[in-house]
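# Tertiary structure, described
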Amino acid sequence: MAENVLRLENVTMQFGGVVAVNNLSLEVNKGEIVALIGPNGAGKTTAFNCVTGIYDPTNGMISFDGKTIVANHPRGKMKKLYAGENAKRYTGVRTVDPTPDQVTKLGIARTFQNIRLWKSMTVFDNVLTAKHMRARQNVFSATLRLTYQEEKRMREETAALLEEQNLLQYASDLAVSLPYGLQRRLEIARALATEPKLLLLDEPAAGMNPQETQELGEFIVQIKNKYQLTVFMIEHHMDLVMQFSDRIYVIDFGRLISHGTPAVVQADPKVINAYLGVSE
Amino acid sequence: MKKKNKAELWIAFAAIALIYVAVAILEQTMDNNHIIFTVLKKGAIYSLVAVSMNLLNGFTGLFSLGQAGFMLIGAYTYSIFTMPTAVKLTESVYKYYEAAVKFDTGIFVGLICAGLAAALFAALIGLPVLRLKSDYLAIASLGFAEIIRAIFQWDVLGPVTNGANVMRNYLDLTDVKIPFTDIPFPPTLYVFLAAGVCIALIVLLINSSYGRAFKAIRDDEVAAEAMGINLFKHKEMSFVISSFFAGVSGALLAMYQYTVQAAQFKAAMTYELLLIVVIGGIGSISGSCIASFLYIAASEWWLRGLDMGKFLGIDAPNLFRSGFRRFVFSIIIMMIVLFFSRGLMGDREISFAGLIRRFNRRQTAGATKGGGIDG
Amino acid sequence: PAATTTDTAAADQSASGNPVVKVGVYEPASGDNGAGGKQETLGIEYANDVSPTVEINGTTYDVQLVKVDNESSNDKAASAASTLVSAGVSVVLGSYGSGVSIAASPTFEAAGIPCIGITCTNPQVTEGNTHYFRICFLDPFQGTVLANYAFSTLGVKTAYCLSKLGDDYSGGLVNYFVKAFEALGGTCVQDTFPDGNSDFTSYINNAKNSGAEVFFSPVSTEAAQLIIDQAESQSLGMPILAGDTWDSNVILQAAKGKNVDVTVTTFYPEGANAEFDSSFKEWVNADATRLANNGGDDTVAAVTAMGYDAYFFALEAMKKAGSIEPAAIMEALWSTTYTGVSGPIALDQVNGDAIRNTAYVKHCNNETGAWDALPPVTIG
Amino acid sequence: MLDFLHANLSYILSGISVGGQYALIAIGYTMVYGILRLINFAHGDVFMCAGLMMVYLSTTLPMSVSIPLVLVLTVLLGFLIERAAYKPLRTAPRMSVMISAIGVSYLLQNAALYFTGGLAKVYPTIPWLSRTVTIWGSTTKMVTLVTPILTIVLVVLLSLLIKYTKVGMAMRAVSKDFETSRLMGIRINTVISVTFVIGSFLAAVGSMLYFTNYASVTPISGGMPGLKCFVAAVFGGIGSIPGAVIGAFIIGIAENIIKGGSSIFGFGGSGWTTFSDAFTFALLIIILVVKPTGLFGEKATDKA
Amino acid sequence: MSDTILSIKDLKVNYGGIEAVKGISFDVPKGHIVTLIGANGAGKSSTLRAIAGLVKPKSGVIEFEGDNIAGKDTTAIVSRGITLVPEGRRIFPDLTVYENLRVGAYMRKDDITPDINWVYELFPRLKERSWQAGGTLSGGEQQMLAVGRALMSRPKLMMMDEPSLGLAPLIVRDIFSIIKEINKRGVTILLIEQNANMALSTADTGYVLETGRITMTGPGKELLVNEAVKAAYLGT
Ligand SMILES: Nc1ncnc2c1ncn2[C@@H]1O[C@H](COP(=O)(O)OP(=O)(O)OP(=O)(O)O)[C@@H](O)[C@H]1O
Ligand SMILES: Nc1ncnc2c1ncn2[C@@H]1O[C@H](COP(=O)(O)OP(=O)(O)OP(=O)(O)O)[C@@H](O)[C@H]1O
Ligand SMILES: [Mg+2]
Ligand SMILES: [Mg+2]
């Protein structure tokens, strides 16, 4: 049995009356590419946001590499509001509520549904800045250039990374001036610069045509192997999902409705009803 | 590419050195009471605050309007610390109170303490305020500045702050001595040195890994946080550092002005600084400096004649009466804002290579487009 | 490192061919004290019109006024002062408002230029300075006069004192008033209002609720107008007392026809010198701008008379110095004497303050909108 | 309790009155912010200019003419400011527009300074409004009683306009998305102008009520009320009209109670008044710390 | 052959120094569905934005019903009967579904009730949610609203910019059947899609855009089987 890298256990995220993620449990194993699919508004992005610390889930536990990184149970106002499953289950657990940067530091990096590059920065600086987190320096030593060697190392590594992604020729261009597809690739390169073990991709192929989507899939496999990553992605392009993922989780209204290998999921009537539709 | 950068850096150094030499020579040869020195001193001090404000507003994207408050803290800390104990105790300044601070320090220690006091305060108010977004942050920081001003005017603190009355007789620019001697240090040069060192530190910071992190926060907070940049830590850092330098510049302003009073550090002062930062170009250090000098020179020197009956040789006491200067000045500002909506420099810096390139271009061909400014 | 500026001053020549001596007029034309500053400046201008030249050591000089607006603001003081220094003035007159005088003092000191305070009454203006002189009485004196007046003449035991936060003038005067009033056995309730405040109703209610019998508020004329207006609408019901700033036709206009009782102390009461009054009125009425600067009518403000005296006092000092060198004038000022429309002026040898022991008391007549003179008060 | 209220009625009365005047100005801030995301720093100065116009017009014209004329001219001023100083910067960075607003504020103040010669101008008495009335032993001007009523009537009218009319709907649409509004055929410049016209109109009404209370107008008369009203708008959640009104009343009343603090609560001496403005800000900061977008502010959701 | 409603001649669009559209020409016949496909950044959106007047074209002619509308004001253009369903839906989040539809008919002075009923008929989902604020709808619902809103102005020409972006496969199919439905009612449609398969099988005519230029054209069904198109846009 493969060891699991990411594990969600009964995760629930409630906004006021809306339960965006409802008692969701899933696992992502080391070295896998796992896809999360489901209709619009099913709660996929919300689930990602719970993992990365942007939201603080209402209930449930998330562990990464065997360590609990998020844990919560209904408190305060939520206590009255939330009466779903497992409401009491985690009351004894110490709540863990990391900020996104802490999660990233643990080794989870992500990309965004709508590209979020740093607009005023060059391609090079976008990647270089992502290395800031792991740099060994403080504000004084950095300002007074006492750690110039560290800076030099960061620059060399950035250049190497860009070289690898075939982005080096754009190094001094503004990130936003790149074509869309390259921006996606740059966003992934930036995420890699944080030296992650797990990469979360939110609709990496949005706005790409089938051909570009195909290339993207190959690219993901390539970096996964090279950096020994685990990949967890949200996607609506079924060609990409079915061809490249090892396993698929399907959610609807925040709940898991199906999971398994692409073949299994594709044939599941629940999934066809809620998501895929009947192909003509 | 690397080589060209190096060369440019050296040219920049040379140019800055040249400015210093020019100031030193000017001060040795010209009458020291000429208004030009007022402009130079105040301009240098405003450059420092403007740059520190730019660090926060321009580079970190935190829209804060608390600058005047931090300058106030710096100015008061400096004046309280450096006012000779004898003066404090002789009633001449603390007329209505018994001075409570019974020690004094030198100028250097005073300046550092001024910065530290402002930084400390910034660290405290940063905790609640930095959670707020854009305009809410602006108004909250403006509010804090007003609260600080009220506290410094409070008569209960009179023994320390002299209530709402002026602080004076502390060590000012005339008390600066050349180290280990009793020879007075040229005051304008001193202000230039002090402000220059501070600005240099800010520039080094901005070009370091931390500076990039600040810019990342400005461009996209969510992405910055997702890439492992601790938002609060970095915002607080930028806020504290910016306030430190605002405090130092407050102290320099106190030195230059000979007297300080809390009443002067009003919201209007912050607006004025914001105006300078934007006119210079948000995110441009050299822009802030140039705008500071131009702003001070125009408002306090070049346009004075508009107020005093005679301007550019035209004698028209009825038109050029009191208030006309400010009227004209505000029209000029509006023009700049409307026609250079990104400021004089945009977010670029002056670059000597750019200047040279422009110069060459003009000499060789008729190419007109492009500026002397460059990334 | 460099020499002083006077060589440029001496080199200037006017149209008449006479050499020129420049006199700096360091006064506010805007801000809180704009109205007072303008009236003070009018006195100087009038004097300059009356006597545009001065004979020093046999040479006739044209006196040229160099005016700068200090905007009633301490932070503008230093650069306004540098403007004068830069223009090469030999002596500076002003300013109305003590704060700006204190703030500009070091700039003038550094340039070695003597200054003559006209109506700035705060002791700190001249204290410890050898270059700042003054031709009016001081706040400790004025405060004592007002306290005596309130305690003895009005017979009140509790006073409500309102000053502006961060204003040296009102803060100082209230302080001396309180000291004197409490020494006499009275009690004081103190309050301050912040900059930019225009709602005085709460302060008036505070005064009423505090059980005070007199409302002492030696603040700027801007605030005074508001106080008078709101005192009426809130039925203050006690006399208002103030210092020299309120001696202004702005106050008269505000109080005319209102149910308020205003008494002020001042440097000069209109009518004390009929000749000066009438010729000044003629001069003011001759020009619309002057009239506007005087607040719209031809009332003679005390500060105007003082400005007039200050000008001649400065000329006197130049004559005595026999030079237009600032240093020489500064030296000569200590021993200059002059009898002006506001009385004889001589300076003490400690701080260079005028030796004056008389303050004039005026009461506002709400029907005629003019000042009624009360007997002057002399102390010491 | 009743006695306490009775004794301090005058503070509360003037608080309510000031609050009403603040509300009329605060609405201008909040509406412009709602539509342009712009802190219109010049709004307080428009208010001051309305005061000065009244001073100058009433010297030659009767009240029945000057009052409507002031309303019209102020509206025109607001309209011109928008066209000259903000419209050219529609696509410029947000900060530039704000600086333009600060610039206009400077310009208006300095123009007023130049033309008035920096002297305070006595505000004319508007006959009926200035009458003194006595209620329950406290004397006050008629305007104190009129202000809150007038304010509430105007605010209700305004809310109806925004909620139910076509131009109101357009305003709400434009405030979210210029480009798409244009695609719908909305003339955004017209809609923005309407916003400024309404804001300036209310400022003009506010100026009549305010200066009737405070007798004189100076070039900086707009500064402090402007800042306070902006605080009121933020307090209530900038962009929200009811928020601005409630914020304004809270600030007006709190401010007057604080000024009367030593008398009402019987301790503290002049410390209360030293901090009267500071208190306003402290209140604001407390609200913002608890509710980062003000009392009725929309939540800024930034989804990842 | 039916007459041409929109005719583009040598259109160029620049952003600062960047040339996004480098001189393209094409016609849209009345009553047809025409689609533009092409890689990211090919200039598809820029073309539509130029037609709608949201960007000023650098040069070229945009003829709508015989008049040149290039460079005209957006309001003037949309009042002629052109409408754009913008990239990313852009519904007004604070307005209710009903108000969003009303804003869509902002320029009309006549009775809009029949049109609202028509939209509700097309999208019964919107009728259920008519009092819900637009911002709280799900992505698919928002897309329906954006289309409905565009219909409210009774357009002669409806331009859609990637209506299927980010939608679940099920909804994507819905959207395309709705496009056909609208077209049947007489509205000419100019469609941009990344989902080239769907777009080409729906459209009467297709154009392929590459870095600001048109490189191929033909009936949708033909392009669908074209080898070059297949290789570049349809994947394997
Ligand atoms: N901050 C929030 N406040 C309130 N509701 C929210 C918030 N974030 C998400 N939601 C709601 O939660 C539900 C799930 O949204 P989410 O973005 O996770 O969907 P998704 O599965 O990523 O859909 P899509 O495929 O369209 O991106 C939606 O109904 C959404 O409106
Ligand atoms: N506002 C803008 N400023 C500068 N460049 C722009 C702007 N909008 C688009 N561009 C550039 O113009 C080119 C064409 O963009 P456009 O949006 O028209 O492409 P598209 O074909 O619609 O692509 P996509 O599939 O990504 O929507 C791109 O290179 C893009 O970077
Ligand atoms: Mg999503
Ligand atoms: Mg596009």
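Residues numbered from 1 in each chain as written. Chains lettered and ligands numbered in written order. Predicted model: local features only at pLDDT ≥ 70, side-chain atom pairs only at ≥ 80, totals over all residues. Heavy atoms only, no water.

In this section: the overall build of chain B. Within chain B one finds 15 helices and six strands. When each of the 375 residues of chain B is scored for burial, the buried share is 61%. Considering only residue pairs separated by 6 or more positions, chain B has 73% of its internal contacts joining residues 24 or more positions apart. For chain B, the exposed area adds up to about 14,300 Å²; of that, 70% sits on carbon and sulfur atoms. (Helix = DSSP H or I, 4+ residues; strand = E, 2+ residues; numbered from the N terminus. Buried < 20%, exposed > 50% of the residue type's maximum accessible area, 1.4 Å probe, protein only. Contact = heavy atoms within 4.5 Å. Areas by Shrake-Rupley, 256 points an atom, 1.4 Å probe, with all protein chains shown as cover.)

Turning to the overall build of chain E, a few remarks are in order. Across its full length, chain E carries ten helices and ten strands. Taken against the 2.2 N^0.38 rule, which gives 18 Å for 236 residues, the C-alpha radius of gyration of chain E at 17 Å falls within 12% of a compact globule. Taking the principal axes of its C-alpha atoms as reference, chain E extends roughly 45 × 40 × 40 Å. Buried positions account for 57% of the 236 residues belonging to chain E. In the structure as shown, chain E presents an accessible area of about 9,100 Å², 50% of it carried by carbon and sulfur atoms. Between the averaged position of the 28 positive side-chain charges in chain E and that of its 26 negative side-chain charges there is a distance of 2 Å. (Rg over C-alpha atoms; globule rule 2.2 N^0.38 Å. Lys, Arg positive; Asp, Glu negative; His and termini not counted. Charge placed at Lys NZ, Arg CZ, Asp CG, Glu CD.)

Okay, a nonpolar patch on the surface next. All names here are of chain D. Together, Ile149, Ile152, Val153, Val156, Leu157, Leu160 and Tyr164 make up a nonpolar patch on the protein surface, roughly 710 Å² of accessible area in all. Position of Val153 relative to the elements: it lies in helix H6 (residues 142–164). Exposure remark for Val153: the relative accessible area of 44% places this residue in the partly exposed category. (Patch = residues over 30% accessible without salt bridge, like charges linked within 9 Å, V, L, I, M, F, W, Y side chains within 5 Å. Salt bridge = Lys/Arg side-chain N within 4 Å of Asp/Glu carboxyl O.)

As a further point, take helix H13 (residues 326–333) of chain C. Residue and element names in this part refer to chain C. Those residues of H13 that sit buried are Pro326, Ile329, Met330, Ala332 and Leu333. Looking straight down H13, one finds that the buried residues subtend no more than 165° of arc, so they occupy a single side. Opposite its buried face, H13 presents the exposed residues Ala327 and Glu331, each directed more than 90 degrees away. (Arc of directions from axis to C-beta.)

Listed as interface residues are 44 residues of chain B and, on the opposing side, 47 residues of chain D. Taking both partners together, chain B and chain D bury about 4,000 Å²; carbon and sulfur atoms supply 75% of that area. Counting every contact that joins chain B to chain D gives zero salt bridges. Inspection of the region where chain B meets chain D yields five residue pairs in polar contact (both at pLDDT 80 or more). At 13 residues, the largest contribution of residues to the side of chain B that touches chain D is made by helix H6 (residues 134–153) of chain B. (Buried area = accessible area lost by both parts, 1.4 Å probe. Polar contact = N/O pair within 3.5 Å; in protein donor to acceptor, adjacent residues only side chain to side chain.)

What follows deals with the domain arrangement of chain B. Residue and element names in this part refer to chain B. When cut into domains, chain B gives domain 1 (1–30) and domain 2 (34–266). For domain 1 versus domain 2, the separation of C-alpha centres amounts to 27 Å. If you look at the interface, domain 1 gives eight residues, while domain 2 gives eleven residues. The contact between domain 1 and domain 2 buries some 810 Å² in all, and 79% of this surface belongs to carbon and sulfur atoms. (Domains from an automatic or database assignment.)

What follows deals with the site of ligand 2. Residue and element names in this part refer to chain E. With respect to spatial proximity, 14 residues lie near ligand 2, and among them Gly41, Lys44, Ser45, Ser46 and Gln194 are the closest. Here an oxygen atom of ligand 2 and a backbone polar atom of Gly43 are 2.9 Å apart. In this structure, an oxygen atom belonging to ligand 2 sits 2.8 Å away from a main-chain N or O atom of Lys44. Among the secondary structure elements, those contributing two or more residues to the shell around ligand 2 are strand S2 (18–29) and helix H1 (44–51). (Near = heavy atom within 4 Å.)

Attention shifts here to the coordination of the magnesium ion (ligand 3). Residue and element names in this part refer to chain A. Around the magnesium ion (ligand 3), the protein contributes the donor atoms Thr45 (OG1) and Gln113 (OE1), at 1.9 to 2.3 Å from the metal centre. Here Gln113 lies in the loop between strand S6 (108–110) and helix H4 (123–130) and Thr45 lies in helix H1 (residues 44–51), a separation of 68 residues in the sequence. Classification of Gln113 as partly exposed rests on a relative accessible area of 26%. (Donors = N, O, S within 2.8 Å, 3.2 Å for Na, K, Ca; no water.)

Okay, the coordination of the magnesium ion (ligand 4) next. Distances from the magnesium ion (ligand 4) to its protein donors, Ser45(E) (OG) and Glu87(E) (OE), fall at 1.8 to 2.7 Å. Remark: Glu87(E) occurs in the loop between strand S6 (82–85) and helix H3 (97–104) and Ser45(E) occurs in helix H1; sequence separation between them is 42 residues.

Glancing now at the side chain of Gln257(B). With respect to the helices, strands and loops of the structure, Gln257(B) is situated in helix H11 (residues 231–257). Not counting chain neighbours up to four residues away, the residues in contact with Gln257(B) comprise Gln264(B), Asp75(C) and Ala103(C).

Inside soluble globular proteins, nonpolar side chains tend to come together where they are buried. Counting residues in each nonpolar core, the largest one holds 288 residues, and the members touching the most others are Phe215(C), Trp246(C), Tyr86(D), Leu6(E) and Leu190(E). Among the elements that line this core, the one with the most residues is helix H2 (residues 35–59) of chain B, at 16 residues. Not counting residues within four places of it along the chain, the set of residues in contact with Tyr86(D) comprises Leu38(D), Asn40(D), Ala42(D), Ile81(D), Val97(D), Ser100(D), Ala101(D), Val104(D) and Phe196(D). (Core = buried A, V, L, I, M, F, W, Y, C linked by side-chain atoms within 4.5 Å.)

Residues and elements named next belong to chain C. In terms of residue burial, strand S1 (residues 20–27) counts as a mostly covered element, since eight of its eight residues are buried. Because side chains alternate across S1, one face comprises the buried residues Val20, Lys22, Gly24 and Tyr26, and the other comprises Val21, Val23, Val25 and Glu27, equally buried. Two elements, S1 and strand S3 (residues 59–69), share eight bridges in a ladder whose sense is parallel. The residue bridging Tyr26 from the neighbouring strand is Val68, located in S3. Of the strand pairs in this sheet, S1 and strand S4 (residues 91–93) are connected by three bridges, and their pairing is parallel. Counted as the bridge partner of Gly24 is Val92 from S4. (Pairing = 2+ DSSP bridges.)

Per the stated rule, a full pass over the model turns up 51 salt bridges over all chains. Salt-bridge contacts for Glu9(A) lead to Arg7(A); the nearest nitrogen and oxygen are separated by 3.2 Å. Using a relative accessible area of 17% as the deciding quantity, one classes Glu9(A) as buried. Take Arg7(A): its relative accessible area is 28%, and that puts it in the partly exposed class. The residue Arg154(E) makes a salt bridge to Asp110(E) at a minimum N-O spacing of 3.8 Å.

Below, the discussion takes up the sheet that holds strand S14 (residues 358–365) of chain C. Backbone-to-backbone hydrogen bonds join strands into a sheet, with any given pair of strands oriented parallel or antiparallel. Residues and elements named next belong to chain C. Within the open sheet, the seven strands sit side by side as S8-S7-S9-S10-S11-S14-S15. Their pairing is mixed. Here the strands that pair on one side only, and so sit at the sheet edges, are strand S8 (187–193) and strand S15 (370–378). Across the sheet, the mean angle separating the axes of adjacent strands is 25° when strand polarity is ignored. Pairing of strand S7 (residues 158–164) with S8, which is carried by seven bridges, proceeds in the parallel orientation. Across the sheet, Ala159 pairs through a bridge with Cys188, a residue of S8. (Axes fitted to C-alpha atoms, helices over the stretch in contact; angles between N-to-C directions.)

Residues and elements named next belong to chain B. Position of Cys113 relative to the elements: it lies in helix H5 (residues 107–129). For the pair Cys113 and Phe244, spaced 131 residues apart in the sequence, the C-alpha separation amounts to 9.3 Å. Once you skip the residues sitting within four places of it in the chain, Cys113 turns out to touch Thr77 and Phe81.

Right, let's talk about the environment of Thr263(C) for a bit. Residue and element names in this part refer to chain C. Following the sequence through the fold, Thr263 ends up in strand S11 (residues 262–266). Linking Thr263 and Ala302, residues 39 residues apart in sequence, is a C-alpha distance of 14 Å. Apart from residues no more than four positions distant in its own chain, Thr263 is found in contact with Tyr149, Ile240, Leu241, Ala242, Val361, Lys362, His363 and Leu374.

What follows is about the sheet that holds S2(E). Residues and elements named next belong to chain E. The four strands lie next to each other as S2-S1-S4-S5, forming an open sheet whose pairing is antiparallel. Looking at strand neighbours, the two that pair on one side only are S2 and strand S5 (67–68), the edges of this open sheet. Judged from the nine bridges that link them, strand S1 (residues 4–15) and S2 form a sheet pairing that is antiparallel. Looking across to S2, one finds that Leu6 is bridged to Val28. Across the face of the sheet, H1 comes into contact with S1, S2 and strand S4 (59–64) while running at roughly 115° to S1.

Our next topic: the arrangement of the chains. Considering every one of the seven pairs of chains in contact, the largest contact total is recorded for chains B and D. There is no contact between chain A and chain C; across them, the least C-alpha separation is 34 Å. Taking C-alpha atoms only, the smallest gap left between chain C and chain E, which are not in contact, amounts to 39 Å.

Moving on, we come to the packing of H2(B) against H11(B). Residues and elements named next belong to chain B. Interaxial distance between H2 and H11 falls to 8 Å at its minimum, and their mutual angle equals 165°. Considering the angle they form, H2 stands roughly antiparallel to H11. Read as a crossing pair, H2 and H11 show a hand that is left-handed. In this structure, H2 uses Thr38, Lys41, Lys42, Ile45, Tyr46, Leu48, Val49, Ser52, Met53, Leu55 and Leu56 to contact H11, whose residues at the interface are Ser238, Phe239, Ile241, Ser242, Phe245, Ala246, Val248, Ser249, Leu252, Leu253 and Tyr256. For the contact of H2 with H11, the per-class residue count stands at 15 nonpolar, five polar and two charged. (Parallel < 35°, antiparallel > 145°, perpendicular 65-115°, else oblique. Left-handed = near helix turned anticlockwise from the far one by under 90°. Nonpolar A, V, L, I, M, F, W, Y, C, P; charged D, E, K, R; others polar.)

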